[in-house]
Amino acid sequence: MKIIRKIVENYKVAVIVLACIVAVYFMIVFVIQSAQNKAIALEEQVNTADSDINVQEKRRIDLIGNLVDCVKEYDKHEAETLSAVVDGRSTSDADIENATTAIKAVAEAYPELKSNENYTTLMTELSMTENMIAEYRSNYNKQIKEYKRYVRKFPTRQFLGMLGYEIKDYQYLDYDAPADAPQDLFEVD
């Protein structure tokens, strides 16, 4: 009976030790795999941030060119309208013969000019677009910083190496932009 009791007790200990070993093994596998999953998620965040910048730069190209063309055309239309009104008044001034005609000429209002509103809208759009691009560029650099910090840490670096994960070499955006602001946006072609 003692022998059977010892065998049963040793069997229980063996099962408990084996269960602990299996549990530790699965914990290690999950920790290592979660390191790779987080690196992949951070990599996707960097790619998304890069894509966001491209979307905003495309928006800038599409929107700003069209707005500038619109403002130029409206300026041209206003200048032509104002010239026609001034020319019309100067020829009618010579022909004014009575007080009624003079009163009509004075009472006639000049057309309401709206170019200043167009310029204000254009400047607002330029400012908003450039601010959005700067914000997205800043976010991109933050995402790269987070990714690089994560993949370089211990023990993550070793875990990723064991799994064969290739660490991406993302570069921070270079702000080597010209110091001069764009010139002659409203130059008549």
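As the structure is a computational prediction, the values presented were derived from the model and not from experiment. (Residues numbered from 1 in each chain as written. Predicted model: local features only at pLDDT ≥ 70, side-chain atom pairs only at ≥ 80, totals over all residues. Heavy atoms only, no water.)

Participant: Whenever I open this one, the packing of aromatic side chains confuses me. Can you help?
Facilitator: Within a pair of aromatic rings, the relevant descriptors are the distance that separates the centres and the angle that separates the planes. All told, the structure shown has 3 aromatic pairs when counted by the stated rule. With a centroid separation of 5.4 Å and an interplanar angle of 80°, the aromatic rings of Y147 and Y170 are classed as edge-to-face. Of this pair, Y147 sits in helix α3 (residues 115–152) while Y170 sits in the segment after α4 (156–163), and the two are 23 residues apart along the sequence. Each member of the aromatic cluster is reached from another via a ring pair, and the members are Y25, F26 and F30. (Phe/Tyr/Trp six-rings, centres within 6.5 Å; stacked < 30°, edge-to-face > 60°. Helix = DSSP H or I, 4+ residues; strand = E, 2+ residues; numbered from the N terminus.)

Participant: What's the story with the side chain of K148 in this structure? I'm lost.
Facilitator: By the secondary structure assignment, K148 is in helix α3. No salt bridge forms around the buried K148; measuring N to O, its nearest opposite-charge neighbour D169 is 4.5 Å away. Setting aside chain neighbours within four positions, we find K148 in contact with D169, Y170 and Y172. (Buried < 20%, exposed > 50% of the residue type's maximum accessible area, 1.4 Å probe, protein only. Lys, Arg positive; Asp, Glu negative; His and termini not counted. Salt bridge = Lys/Arg side-chain N within 4 Å of Asp/Glu carboxyl O. Contact = heavy atoms within 4.5 Å.)

Participant: Before we go on, may I ask you to explain the pattern of salt bridges in this structure?
Facilitator: Oppositely charged side chains are able to pair whenever their charged atoms sit close together. One pass over the full model with this rule turns up 5 salt bridges. Notably, a salt bridge pairs R59 with E125, separated by 3.2 Å at the nearest N-O pair. Highlighted residues: R59 in helix α1 (residues 2–95) and E125 in helix α3, separated in sequence by 66 residues. Residue R59 is classed as partly exposed on the basis of its relative accessible area, which comes to 26%. For E125, a relative accessible area of 19% puts it in the buried group. Between E130 and R60 there is a salt bridge, with the nearest N and O atoms lying 2.8 Å from each other. Taken together, the residues span a long stretch of sequence, with E130 in helix α3 and R60 in helix α1 at a distance of 70 residues.

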